[in-house]
There are 2 protein chains.
Amino acid sequence: MRTTIKDIARYTGFSVTTISLVLNGKAKKIPKQTKDVILEAADRLNYHPNQVAVGLVKKRTNTIGLIISDVSNVFFSNLAKGVEDECRRQDWNLILCNTNDKHSRDISYIQVLADKGVDGILFCMALDSSKKKGMESIGLMEKLKIPFVMIDRFLEGARCCFVSLNHELGGYMATEHLLKLGHRRIGCVTGPDVLEDSMARLTGYKKALAEYEIDFEPSLLYHGNYDRESGINGADYLVDKDVSAIFAFNDMCAYGVYNRLKRLGKSVPEDISLVGYDNIFFSEILDVPLTSVEQPVYEMGVEAVKQLIDGINSGNCAEKSILFQPRLIVRESTSEYKER
Amino acid sequence: MRTTIKDIARYTGFSVTTISLVLNGKAKKIPKQTKDVILEAADRLNYHPNQVAVGLVKKRTNTIGLIISDVSNVFFSNLAKGVEDECRRQDWNLILCNTNDKHSRDISYIQVLADKGVDGILFCMALDSSKKKGMESIGLMEKLKIPFVMIDRFLEGARCCFVSLNHELGGYMATEHLLKLGHRRIGCVTGPDVLEDSMARLTGYKKALAEYEIDFEPSLLYHGNYDRESGINGADYLVDKDVSAIFAFNDMCAYGVYNRLKRLGKSVPEDISLVGYDNIFFSEILDVPLTSVEQPVYEMGVEAVKQLIDGINSGNCAEKSILFQPRLIVRESTSEYKER
DNA sequence: CTGTTAGCGCTTTCAC
DNA sequence: GTGAAAGCGCTAACAG
């Protein structure tokens, strides 16, 4: 059996109270000598407080939950890394929850995490959440009085702390880059329309077009799903529209575009310039390294944890948005527009 | 405040015991009517047991810890996904721990997990562990009487359950594939020599060579580190050795080889055939899709959880090795040897 | 059939 | 300065 506080009491002759006081640094008026005896005994008996018991009485577990759709997705695994690293730095622990983008799992995980006594939740809403469903998740956390921070995906109207990227700016940067290179017909392979971040990228795209006094053409939009498949289909669709450049709303789908274009006999960037989004590690490895908008995902994870723990310590998370700045990483998949 | 069992007692007029019995399905001789009253009350009051309290008394938390080096590494993120999915299926939870391959973190996480009351640990030893250090980690888990399963990385002499891949066979398959294509001078970019799995792949390589009666040439080995950098340096080294094929001991380093060969003006597979290992998702996306030995990482994660939970339920994990079979995925990076 | 009681390991108030 | 006692929310003997 593990050593308990009682064992130390028995061993030293002091009461459980005194031991607890000393071990928690709350022993204001206990003579050094007593302290030393207790500390030494704790050490010798290799005492480690049972955190389950501590959690029960303190109603604090120093544990948070991370709800995401899928750790095996590169974006989320980088986020999770940042989250876990910061947790460790602050001596907290992390319970990982994958929802596979099912709203019902958001709900069940929130409840389970609450039952397990986590002190807070980092929440990245499931993709299949309608606005109403999303609000249900948030409502549940509020009802359970469990502090939370939303990451990456936001819900208009949610009054909470939100950590993400300035996607409008990201969309603008990608588009402006292509415009500067002389491209005028720029196709997009978007993300799911229900996602605010995809919509924001689109807004940035439109804004850049407007600045260059180019009319926005809805037919140059292929509505995708952030996966490689979308990129493949998007490439098929856009090639027929005679675009000279494509802005893929994330790298995974840019890979699809890239692969498909090649198969169609179009080369990147000679025939078509391509910009991705996320700047996944792999993008650098492609034969034609991908120009991409970088999201500092790891740092976002770190920041979200900081916000959450602050919120936990102060009672609740303040309502605010922390938007990171995107950075355009120019590589070889984009080049000047050439008249054909 | 959350509803407690006392609230239900007060609400229904029954004692706490009865409530507990009913809610836990242990109410053998309690009349249906009483049950219904209690169940309905629990439902109406939206009762959810406080698992921290349950954990304290039952000494079970239905939580396991996963100790790996880095979730942002594709291999581990896929493993983690399998682990978490199986946990969810069995109604368990997962605490994620990244060590960044530091042995000292293995040790501290093991202790923390024990303090938090996890029922078991899935352990993938830190890379910087010497044999002695590795044994220290295992010894600690044994001392703490916490069931564990080792995954991916094994320690000769550890008496425990181990889930991994038959890497010797994997190395053999990759090499044999190249031999069948007529290659005779096959270079290797290995993983860290301290890792059993890298050593096993090498053994498989030698075995295949022996079958084809080819002398093993130590100079055709570049000792790498499983990262892209190793691949880059390995390519430089091996090109000078006039090999016609390279077996990279993992995909990440195969990418390095691939990128470097291209830069050196060698094309894959025309000039040099290339085989990777792990079959990471991305390998399919490369301009020259990579032939690779597949590790069913996700399934390994699932199996490890099954073993661990079985072990927890039965008192301890049986000493056994569960080796998955590798599968060679032939793509376009390998072709027949051509006399030059 | 159901309730009383003790106790999991710890913190904390209050009293001496 | 230190200890007794209560209690966190729950389970599980043991009574009756």
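Residues numbered from 1 in each chain as written. Chains lettered and ligands numbered in written order. Predicted model: local features only at pLDDT ≥ 70, side-chain atom pairs only at ≥ 80, totals over all residues. Heavy atoms only, no water.

The next subject is the sheet that holds strand 7 (residues 221-222) of chain B. All names here are of chain B. The strand order across the open sheet built from six strands is 7-6-8-9-10-12, with neighbouring strands paired in mixed fashion. The open sheet has two free edges, formed respectively by strand 7 and strand 12 (327-329), since each of these has just one partner strand. Bridging between strand 9 (residues 273-278) and strand 10 (residues 291-294) involves four bridges; their strand directions are parallel. Across the sheet, the residue bridging to Val 275 is Thr 291, located in strand 10. Most of the contacts of helix 10 (residues 228-240) go to strand 6 (residues 186-189), to which it runs at about 150 degrees, and overall it touches strand 6, strand 7 and strand 8 (245-248). Contacts from helix 11 (residues 251-263) reach strand 6, strand 8, strand 9 and strand 10, with the element oriented near 155 degrees to strand 9. (Pairing = 2+ DSSP bridges. Helix = DSSP H or I, 4+ residues; strand = E, 2+ residues; numbered from the N terminus. Contact = heavy atoms within 4.5 Å. Axes fitted to C-alpha atoms, helices over the stretch in contact; angles between N-to-C directions.)

Bringing the relation of the copies chain B and chain A into the picture now. Its rotation angle being 180 degrees, the transformation that places chain B on chain A also includes 0.1 Å of axial translation and leaves an RMSD of 0.2 Å. Classification of the inter-copy transformation places it as that of a two-fold axis. The C-alpha atom lying nearest the rotation axis in chain B is that of Ile 95 of chain B; the distance is 2.3 Å. The fraction of interface residues of chain B whose copies in chain A are also interface residues reaches 96%, indicating that both copies meet through the same surface. (Least-squares fit on C-alpha atoms with pLDDT ≥ 70 in both.)

So, about the interface of chain B and chain A. Contact with chain B, which involves 54 residues of that partner, is made by 52 residues of chain A. Surface buried jointly by chain B and chain A totals about 4700 Å² across both partners, of which 54% is contributed by carbon and sulfur atoms. When the buried area of chain B at its contact with chain A is split by residue, Val 52, Lys 116 and Asp 287 of chain B rank highest and sum to 13% of it. Linking chain B to chain A there are six salt bridges. (Buried area = accessible area lost by both parts, 1.4 Å probe. Salt bridge = Lys/Arg side-chain N within 4 Å of Asp/Glu carboxyl O.)

Looking at DNA strand C, there are 28 residues lining it, with Ile 5, Lys 26 and Tyr 47 of chain A together with Thr 17 and Lys 29 of chain B nearest. Counting only atoms of DNA strand C within 4 Å of the protein, the sugar-phosphate share comes to 69%. Asn 50 of chain A has a polar backbone atom sitting 3.1 Å from a phosphate oxygen of DNA strand C. It is helix 2 (residues 16-23) of chain A that contributes the most residues to the surface near DNA strand C, four residues altogether. (Near = heavy atom within 4 Å. Polar contact = N/O pair within 3.5 Å; in protein donor to acceptor, adjacent residues only side chain to side chain.)

For the rest of this paragraph, the subject is the pattern of salt bridges. Enumeration according to the criterion identifies 38 salt bridges over all chains in this entry. Here Glu 40 of chain B makes a salt bridge to Arg 44 of chain B, at a shortest N to O gap of 3.0 Å. Of this pair, Glu 40 of chain B and Arg 44 of chain B are both found in helix 3 (residues 32-44), four residues apart, which corresponds to roughly one turn of the helix. Accessibility expressed as a relative area gives 45% for Glu 40 of chain B, which makes it partly exposed. The exposure class of Arg 44 of chain B is exposed, given its relative accessible area of 53%. A salt bridge links Glu 176 of chain B to Lys 180 of chain B, with the shortest nitrogen-to-oxygen separation between them at 3.9 Å. Taken together, the positions of Glu 176 of chain B and Lys 180 of chain B, both in helix 8 (residues 167-180) and four residues apart, correspond to about one turn of that helix. Via salt bridges that share partners, Asp 70 of chain A together with Lys 81, Glu 84, Asp 85 and Arg 88 of chain B belong to a single interconnected network. (Buried < 20%, exposed > 50% of the residue type's maximum accessible area, 1.4 Å probe, protein only.)

This next bit is on the protein's contact with DNA strand D. Around DNA strand D there are 27 residues in total, and Ser 15, Thr 17 and Lys 29 of chain A together with Ile 5 and Lys 26 of chain B lie nearest to it. Take the atoms of DNA strand D that sit within 4 Å of the protein: sugar and phosphate atoms are 74% of them. Here Thr 17 of chain A contributes a side-chain N or O atom positioned 2.6 Å from a base nitrogen of DNA strand D. Counting only elements with at least two residues in the surface near DNA strand D, the list comes to helix 2 and helix 4 (51-58) of chain A together with helix 1 (5-12), helix 2 (16-23) and helix 4 (51-58) of chain B.

Moving on, we come to unusual backbone geometry. Most peptide bonds take the trans form, and the phi angle of most residues other than glycine is negative. All names here are of chain A. Backbone torsion omega between Val 268 and Pro 269 reads 5 degrees, so that peptide bond is classified as cis. Residue placement: Pro 269 occurs in the loop between helix 11 (251-263) and strand 9 (273-278). Unlike most non-glycine residues, Asp 242 shows phi in positive territory, near 60 degrees. Its location among the elements puts Asp 242 in the loop between helix 10 (228-240) and strand 8 (245-248).

Turning to the UniProt feature "domain: HTH lacI-type" (unreviewed entry) in chain A, a few remarks are in order. As recorded in UniProt, the feature "domain: HTH lacI-type" (unreviewed entry) lies at residues 3-58 of chain A. The span residues 3-58 of chain A shows a helical share of 66% and a strand share of 0%, and its end C-alpha atoms are spaced 20 Å apart. (UniProt positions renumbered as here; feature names shortened; annotations may be inferred.)

Between two packed helices, what matters for the description is the angle formed by their axes and the separation of those axes. Between helix 4 of chain A and helix 4 of chain B, whose axes approach to 9 Å, the crossing angle comes to 140 degrees. Compared by their axis directions, helix 4 of chain A and helix 4 of chain B come out oblique. For the pair helix 4 of chain A and helix 4 of chain B, the crossing hand works out as left-handed. Contacts between helix 4 of chain A and helix 4 of chain B pair Val 52, Ala 53, Gly 55 and Leu 56 of chain A from the former with Val 52, Ala 53, Gly 55 and Leu 56 of chain B from the latter. Among the residues forming the contact of helix 4 of chain A with helix 4 of chain B, the class breakdown is six nonpolar, two polar and no charged. (Parallel < 35°, antiparallel > 145°, perpendicular 65-115°, else oblique. Left-handed = near helix turned anticlockwise from the far one by under 90°. Nonpolar A, V, L, I, M, F, W, Y, C, P; charged D, E, K, R; others polar.)

Right, let's talk about the pairing of strand 6 (residues 186-190) of chain A for a bit. Residue and element names in this part refer to chain A. Along strand 6, five of the five residues are buried, which leaves the element largely enclosed by surrounding structure. As defined by bridge partners, strand 6 adjoins strand 8 across four bridges and the pair is classed as parallel. Bridge pairing in strand 8 places Ile 186 opposite Ala 245. Bridge count for strand 6 against strand 7 (residues 221-223) is three bridges, and the pairing is parallel. Each bridged residue has a counterpart across the sheet, and for Thr 190 the counterpart in strand 7 is His 223. The parallel pair strand 6 and strand 7 is bridged by helix 9 (residues 196-211), and the resulting crossover is right-handed. (Right-handed = clockwise from strand over helix to strand, strands pointing away.)

Attention shifts here to helix 12 (residues 297-313) of chain B. All names here are of chain B. For helix 12, with 17 residues, the first-to-last C-alpha span of 24 Å sits near the 24 Å given by 1.5 Å per residue. Summarising burial for helix 12: twelve of the 17 residues are buried, a large majority. Within helix 12, the full set of buried residues consists of Val 297, Met 300, Gly 301, Val 302, Glu 303, Ala 304, Val 305, Gln 307, Leu 308, Ile 309, Gly 311 and Ile 312. Where helix 12 is buried, its residues meet strand 1 (63-68), helix 5 (74-89), strand 3 (120-123), strand 4 (148-151), strand 5 (161-165) and strand 11 (320-324). (Expected span 1.5 Å × (residues − 1).)

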